[in-house]
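# A look at the structure
Residues per chain are reported as follows:
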Amino acid sequence: MSSDRDDFSLTSVRNALRILKCFSISEPEHRVTELSRRLGLSKSTVSRLMSTLAKEGFIVQDEVSRVYRLGLPVLSLSTTLKVTNEVLQEAGPVLKSLVNRVGETAQLVVLDQLDVFYFDVVECNYPIRHVSRVGTRGPSYCTSSGKVLLAAQDADVINQVIGEGLAPLTKNTITNPNAFRAELKKIREQGYAISAEERYQGVMAAAAPVYDRNGNIVAAVNIVGPSHRMVPRNLSYFAHHAMRAASEIGRNLHL
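Residues numbered from 1 in each chain as written. Predicted model: local features only at pLDDT ≥ 70, side-chain atom pairs only at ≥ 80, totals over all residues. Heavy atoms only, no water.

The name that an unreviewed UniProt entry assigns to the protein chain is IclR family transcriptional regulator, with the source organism given as Alicyclobacillus fastidiosus.

Right, here's the structure in full:
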């Protein structure tokens, strides 16, 4: 009986966390019916969990529209993460220096399950640039940062990504499983990854892995910009600078 109650409690916690993960910059507001459909949960279950989250302040409901938004405790957790995360602390100054050197936007990216998560972003000064925001996520298989992080994963993770589908987002997206595996092998050998308009037409990127003191890849440094500015300078130029920045962050983590 106790085991059943424990399983029920763990399922409730998991579903509450799934609800919180649905909130993002692109989707800051949600309703019970929508979350029920998205998560495959009954409306009564979602309503009960939303009520609990609201009592703890993690979400708030607009009195007029009745939609739910994130509450202030989430901001407190985010601030704590920024202050205490070693990789994020070390990466900030390096990313700013990188942008000054290459003139394009630099990002610190981590792998969150099968997606990439943008942990830090320093934008360039050009009025025309690829805009990305901290806290957003995207597909891993068609981004330079995602591919460089996936290249370090075991076969099970890579097979899971392929199993989810390599959807063609542009004409350059690698959609063949064998070609994708070959791409990851090449990335492991050369130490960096590029994305030549694989996710967005007109956008290119180069990424390199950040290693912690134990030799594990914990993040990727990504340089991204419009094709018309990156092509003339050659993507290998940006890959070189991404590797240099990633190496600097890794050295700082070893101190």
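That shown, we press on.
### Overview of the overall build of the protein chain
Within the protein chain one finds 10 helices and 8 strands. Taking 255 residues into account, the globule formula puts the C-alpha radius of gyration at 18 Å, and the protein chain, at 20 Å, falls close to it. Taken over 255 residues, the protein chain has a buried fraction of 42%. The contacts in the protein chain between residues at least 6 apart in sequence include a share of 55% that link residues at least 24 apart. Accessible surface computed for the protein chain: about 13,700 Å², of which carbon and sulfur atoms make up 53%. Across the protein chain, the centroid of the 30 positively charged side chains sits 4 Å from that of the 25 negatively charged ones. (Helix = DSSP H or I, 4+ residues; strand = E, 2+ residues; numbered from the N terminus. Rg over C-alpha atoms; globule rule 2.2 N^0.38 Å. Buried < 20%, exposed > 50% of the residue type's maximum accessible area, 1.4 Å probe, protein only. Contact = heavy atoms within 4.5 Å. Areas by Shrake-Rupley, 256 points an atom, 1.4 Å probe, with all protein chains shown as cover. Lys, Arg positive; Asp, Glu negative; His and termini not counted. Charge placed at Lys NZ, Arg CZ, Asp CG, Glu CD.)

### Brief notes about the pattern of salt bridges
For the structure on display, the rule yields 11 salt bridges. Note that Glu198 is salt-bridged to Lys147, the shortest N-O span being 2.9 Å. Of this pair, Glu198 sits in the loop between β6 (193-196) and β7 (203-211) while Lys147 sits in helix α6 (residues 144-150); the two residues are 51 residues apart in sequence, bridging distant segments of the chain. Lys147 gets classed as buried once you look at its relative accessible area, which sits at 0%. (Salt bridge = Lys/Arg side-chain N within 4 Å of Asp/Glu carboxyl O.)

### Section: the layout of surface pockets
What the largest pocket holds in volume is close to 970 Å³. Taken together, 23 residues form the lining of the largest pocket, with Leu70, Val74, Ser78, Phe117 and Gly135 sitting closest to its centre. The element best represented in the lining of the largest pocket is helix α4 (residues 72-84), accounting for 6 residues. Grouping the amino acids of the lining of the largest pocket by side-chain chemistry returns 15 nonpolar, 3 polar and 5 charged. Of the pockets and cavities examined, the second largest pocket occupies roughly 270 Å³. For the second largest pocket, the lining is made up of 13 residues, of which Tyr118, Arg133, Thr136, Arg137 and Arg199 are closest to its centre. Taken together, the residues of the lining of the second largest pocket sort by class into 4 nonpolar, 6 polar and 3 charged. (1 Å grid on protein atoms, 1.4 Å probe; cavity = no way out; pocket = protein on both sides within 12 Å on 5 of 7 lines; lining within 4 Å. Points joined across faces, edges and corners; volume = space filled by probe spheres on them. Nonpolar A, V, L, I, M, F, W, Y, C, P; charged D, E, K, R; others polar.)

### Some details on the nonpolar core
Leu98, Leu108, Val210, Val221, Ile223 and Ile249 are the most contacted members of the largest nonpolar core, which has 30 residues in total. Among the elements of the structure, α5 (86-102), β3 (105-112), β4 (115-122), β7, β8 (217-226) and α10 (235-254) are those that each provide at least two residues to this core. Within the second largest apolar cluster, 23 residues are counted, among which are Val109, Tyr118, Cys142 and Ala207. (Core = buried A, V, L, I, M, F, W, Y, C linked by side-chain atoms within 4.5 Å.)

### Brief notes about the packing of aromatic side chains
One pass over the structure, following the stated rule, counts 2 aromatic pairs. Their ring planes at 85° and their centres at 5.0 Å tell us that Tyr237 and Phe238 sit as a pair that is edge-to-face. By relative accessible area, which is 0% here, Phe238 ends up buried. Its end group placed over the ring of Tyr126, Arg229 keeps NZ or CZ at 3.6 Å from the ring centre. (Phe/Tyr/Trp six-rings, centres within 6.5 Å; stacked < 30°, edge-to-face > 60°. Lys NZ or Arg CZ within 6 Å of the ring centre and 35° of its normal.)

### As for the side chain of Arg229
Mapped onto the secondary structure, Arg229 falls in helix α9 (residues 227-230). Ignoring sequence-local partners within four residues, the contact set of Arg229 consists of Glu104, Cys124, Tyr126, Ile128 and Arg129.

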